[in-house]
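Residues per chain, in single letters:
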Amino acid sequence: MIANLFLNPDIGHLIFLKDSNIDNKTCESIEAFLNFLETEQILFQKKFHYNEAMIHEFCSYFKEHISFVSTEDLNQVIQNISVTPWRQDTLDLEPVEIAMNDTLVSERQGFMIRANTVKEAWERSLKLIGTYGNRKLSDYDEEQLELINLSIIVKNEELMNPSMIGELDITEEELVAYEESLLSKEMVPDIKYTYGSRFRNFHGVDQLEYMTETLRKTPYSRRAVATLWDPILESSNNEGPCLNLYQAVVQDNFLYMTAYFRSNDLYNAYPRNIYGILKIQDELCKRLNLGKGYVNTIAGSAHIYERNFESLKYYTEANILFCEEDERGSFFIETNEEGIQVTLYDKLGMEQRKFQATSANNLRDDICFYTSNKEHAFYLGQEITKAEIAYQNGFPYVQDKALILKK
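Residues numbered from 1 in each chain as written. Predicted model: local features only at pLDDT ≥ 70, side-chain atom pairs only at ≥ 80, totals over all residues. Heavy atoms only, no water.

Asks: Report on the packing of aromatic side chains, specifying residues and quantitative values.
Replies: In this structure the tally under the stated criterion is nine aromatic pairs. Ring centres of Phe16 and Phe68 lie 5.4 Å apart, and the angle between their planes is 20°; on these two criteria the pair is classed as stacked. Of this pair, Phe16 sits in strand E1 (residues 14-17) while Phe68 is found in strand E2 (residues 66-69), placing the two residues 52 residues apart along the sequence. The ring of Tyr193 has Arg198 lying over it, and the distance from NZ or CZ to the ring centre is 4.3 Å. Sitting above the plane of the Tyr305 ring, Arg307 keeps its charged end 4.6 Å from the centroid. (Phe/Tyr/Trp six-rings, centres within 6.5 Å; stacked < 30°, edge-to-face > 60°. Helix = DSSP H or I, 4+ residues; strand = E, 2+ residues; numbered from the N terminus. Lys NZ or Arg CZ within 6 Å of the ring centre and 35° of its normal.)

Asks: Tell me about the pattern of salt bridges, residues and numbers included.
Replies: Here the structure, examined in full by the defined rule, presents 22 salt bridges. Here Glu383 and Lys386 are joined by a salt bridge, their closest N and O atoms 3.0 Å apart. A residue pair is termed a helical-turn pair when its members lie 3 or 4 positions apart in one helix, as Glu383 and Lys386 do in helix H14 (residues 374-393) at three residues. By relative accessible area, which is 4% here, Glu383 ends up buried. Counted as one network, the salt bridges with shared partners bring together Arg124, Lys155, Glu324, Glu327 and Lys347. (Salt bridge = Lys/Arg side-chain N within 4 Å of Asp/Glu carboxyl O. Buried < 20%, exposed > 50% of the residue type's maximum accessible area, 1.4 Å probe, protein only.)

Asks: Now, about helix H13 (residues 360-368): what can you tell me, with residues and values included?
Replies: Buried within H13 are the following residues: Ala360, Leu363 and Ile367. Looking straight down H13, one finds its buried side chains confined to an arc of 65°; they lie on one side. Across from the buried face of H13, at angles greater than 90 degrees, the exposed residues are Asn361 and Asp365. As for H13, its buried residues are in contact with strand E10 (330-336), strand E11 (339-345), strand E12 (351-357) and H14. (Arc of directions from axis to C-beta. Contact = heavy atoms within 4.5 Å.)

Purely geometric numbers; function is a separate question.
Set out below in structure tokens:
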């Protein structure tokens, strides 16, 4: 409708029939959309070449030239309207595609990001989707880049010192309000549901209390699950909650949280969603006197909308590092008379496995199984190859040191 009005300046007035399907809330929503259009102009500027002055002119005019009337009053209203074009000249604008570098072929499904902080996780996920995302149409008449089944693990975010403050104009006050809303059972007037109401009062069940009592009675339970998806309601609606499920699992007196999203906007929504989930974990840990484990969000569809493609380019092209400590342990590599010896130690320095071979190829498959990230495996490949060269040629080998190529 907006695009057609821009291209047909002779249309000078909008009339909406106000019946049982258009209530006061709908009228307010249309007016609110004009305010949104006036402030969030980037999509319309990029997709249709509308400049800021044109959008301001359009919004200012139609805020004063919209009527909501009943069917019986329609003829009278039409007779009394003096129609003047909102713009004198005709526009002939074609939608343009926002250019993005071609994304690369990938594993198609099942991606993972690990990071200490939310900001690190967010930046890495943007680089990942900007490089490997599948470009396709979205439900909102704009394109998207999408990854299927993206897991983002945040290991050590400080709720009292959020790493995302200042990014995307995020403020501490905004995050506190959002966190509280996910824990509040209070309904918002004229809103069908909130995440908080579904969590704290879903058909009369307080799921936070259920999760608390379940883990208090049986800390080893796998049943501390809360759902926000109502199949009775969602099967008959086009919209439904993007965030669908929480699960808490306790291991070694630490509480680990998993949250499932059917749909997650990585650019704008994820940095806010994750703090609400971290707050729920924090509340459960306080109630149960447990330490905080990691938080994992799994998105069935993780995506970036076309409106954010230009901003995404910065992260795609930036030198964002993915290197993380391998939590399965570390390896000590040395040479001896029998060949190359590799010993695996856990994070506490306890020996776990020992491997011996005369070539890097013979060690590769055995060792790779005991690594959890590509960076560590890549590093080990370098080191055992150096160790093989040293062993075969009688050179000294010291891990992490350059080879001395003399006997």
